Amino acid sequence: MAPGPAGRTPVFERRTPGAGGGGAGGGAAEKVVALTFDADMTADQGPRAASGERFDNPELVALLRRLKVPSTVFMTGRWAEEYPAQAKAIGADPLFEVANHSYSHHAFSSPCYGLPVVEKNAMTRDVERAFTAFRKAGVQNVVPYFRFPGGCYDDTALRALAPANVTAVQWDVVSGDAFATDADAVARQVLDGVRPGSLVVMHCTRSAAPATEAAVRRIVPELRERGYRFVKVSELMQDGS
């Protein structure tokens, strides 16, 4: 997307109604939906990973492959460092695209769920450090999208990130899978919220989102039964900005 006013980083949340398939006369919005998965790991969680805590979720990735669900994975640089083989495999699979979720998973505005805050003059550097981590892990199919940790941002952050030349990607459907244990509740929240052009935020971290895989098992077939087609953010964004 083109930069916003005064060079601010542009923000995308969902495909606008009638875009990308509505036809010359407008018409109904195409029934497409993007499932996105945040692969979270903060810069200071190395000791927890070393002690056995799992910030990955290979079973979820395998399920998405079996169900043939195109998805966008918003990955932190620290996650790519911790799980380089998985990061490389995700990036090499044409079913997926990898986007930037910062290196540190620290907040770009405050307050933000108790996360430490990235200083304004370090914001672009943090984003670029994540892209560097992807390159070192051999991750392919990296797209120039960025998701703010916690979804928290302000005008200062949008201005500070302009030199990074990324599009910030938010969402219009919150899955509620973070720290949830009831997969049916997560599935219901997604199914109740999805509309044509929706962008759903979920997580690809087993320790922080243990119910996500089971929720996806219900979400995918039900949305397909409703006539929805799953797309990556890059396709959702086409003609939808």
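Higher on the page you've got the structure.
Residues numbered from 1 in each chain as written. Predicted model: local features only at pLDDT ≥ 70, side-chain atom pairs only at ≥ 80, totals over all residues. Heavy atoms only, no water.

Asks: Break down the packing of helix 2 (residues 58-67) against helix 8 (residues 212-225) for me, with residues and values.
Replies: Closest axis-to-axis distance for the helix 2/helix 8 pair is 9 Å, and the angle between their directions is 15 degrees. In terms of axis orientation, helix 2 runs roughly parallel to helix 8. Crossing handedness for the pair helix 2 and helix 8: right-handed. Contacts from E59, L60, L63, L64, R66 and L67 in helix 2 reach T212, E213, V216, R217, V220 and R224 in helix 8. (Axes fitted to C-alpha atoms, helices over the stretch in contact; angles between N-to-C directions. Helix = DSSP H or I, 4+ residues; strand = E, 2+ residues; numbered from the N terminus. Parallel < 35°, antiparallel > 145°, perpendicular 65-115°, else oblique. Left-handed = near helix turned anticlockwise from the far one by under 90°. Contact = heavy atoms within 4.5 Å.)

Asks: Explain the state of the cysteines to me, using residue names and the numbers behind them.
Replies: Among covalent bonds in proteins, the disulfide is the one between the sulfur atoms of two cysteines. One pass over the structure, following the stated rule, counts one disulfide. Two residues, C112 and C152, share a disulfide whose sulfurs are 2.1 Å apart. One quick way to see it: the torsion about the S-S bond of C112 and C152 is about 85 degrees, and its sign makes the bridge right-handed. Here C152 lies in the loop between strand 5 (142-146) and helix 6 (155-160) and C112 lies in the loop between strand 4 (96-100) and helix 5 (123-137), a separation of 40 residues in the sequence. The two residues C112 and C152 agree in class, both being buried. (Disulfide = S-S within 2.5 Å. Buried < 20%, exposed > 50% of the residue type's maximum accessible area, 1.4 Å probe, protein only.)

Asks: Explain the pairing of strand 8 (residues 198-203) residue by residue, including any values.
Replies: Among the six residues that make up strand 8, six are buried, leaving the element largely enclosed by the rest of the structure. Here strand 8 shows a buried face lined by S198, V200 and M202 and a second buried face lined by L199, V201 and H203. Of the pairings in the sheet, the one linking strand 2 (residues 32-39) to strand 8 comprises six bridges and is parallel in character. By the bridge assignment, F37 is partnered in strand 8 with M202. Direction of pairing for strand 7 (residues 173-174) relative to strand 8: parallel, over a ladder of two bridges. Residue V174 lies in a different strand from strand 8, and its bridge partner there is V201. In terms of handedness, the path from strand 7 via helix 7 (residues 183-193) over to strand 8 forms a crossover that is right-handed. (Pairing = 2+ DSSP bridges. Right-handed = clockwise from strand over helix to strand, strands pointing away.)

These figures capture arrangement, not role.
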